[in-house]
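Structure assessment
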Amino acid sequence: MPDLTLKHFILKQQAINLYRQAIRATRSIPDRNTRGETISWIRSEFERNKHIDDVMLIEDKLSAGRRELRLIFPTAYMSSY
């Protein structure tokens, strides 16, 4: 594993913040089963990408995640960024 730069640590914090925001956004889903499936999907997407160490790719993934969150939960996204 290559040495991590300050940029990596900043991006890691941004990824954690996006994850938390996505999990919080699921509170608006009334059905418990659907909410659980959505949380599992969010978790699996972050797990699948946790080994990426290319800064540009991480930035692209974060942008895509923010876009998806904005599309899926438009009202929950208004509170940040």
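Residues numbered from 1 in each chain as written. Predicted model: local features only at pLDDT ≥ 70, side-chain atom pairs only at ≥ 80, totals over all residues. Heavy atoms only, no water.

**Some points on the nonpolar core**
- Counting residues in hydrophobic clusters, the biggest one holds 11 residues: Leu-11, Ala-15, Leu-18, Ala-22, Ala-25, Ile-29, Ile-42, Ile-58, Leu-62, Leu-69 and Phe-73.
- Taken together, the elements giving at least two residues each to this core come down to α1 (6-25) and α3 (55-72).
- Looking at this core element by element, the count peaks at five residues for α1. (Core = buried A, V, L, I, M, F, W, Y, C linked by side-chain atoms within 4.5 Å. Buried < 20%, exposed > 50% of the residue type's maximum accessible area, 1.4 Å probe, protein only. Helix = DSSP H or I, 4+ residues; strand = E, 2+ residues; numbered from the N terminus.)

**Some points on the pattern of salt bridges**
- Inspection of every chain in the model, using the stated rule, returns three salt bridges.
- Among the ionic pairs, Glu-45 bridges to Arg-48, the shortest N-O distance being 2.6 Å. With a gap of three residues between them, Glu-45 and Arg-48 both fall in helix α2 (residues 32-49), about one helical turn apart.
- A relative accessible area of 27% places Glu-45 in the partly exposed class.
- Residue Glu-47 pairs with Lys-50 through a salt bridge whose shortest N-O separation is 3.2 Å.
- Classification of Glu-47 as partly exposed rests on a relative accessible area of 44%. (Salt bridge = Lys/Arg side-chain N within 4 Å of Asp/Glu carboxyl O.)

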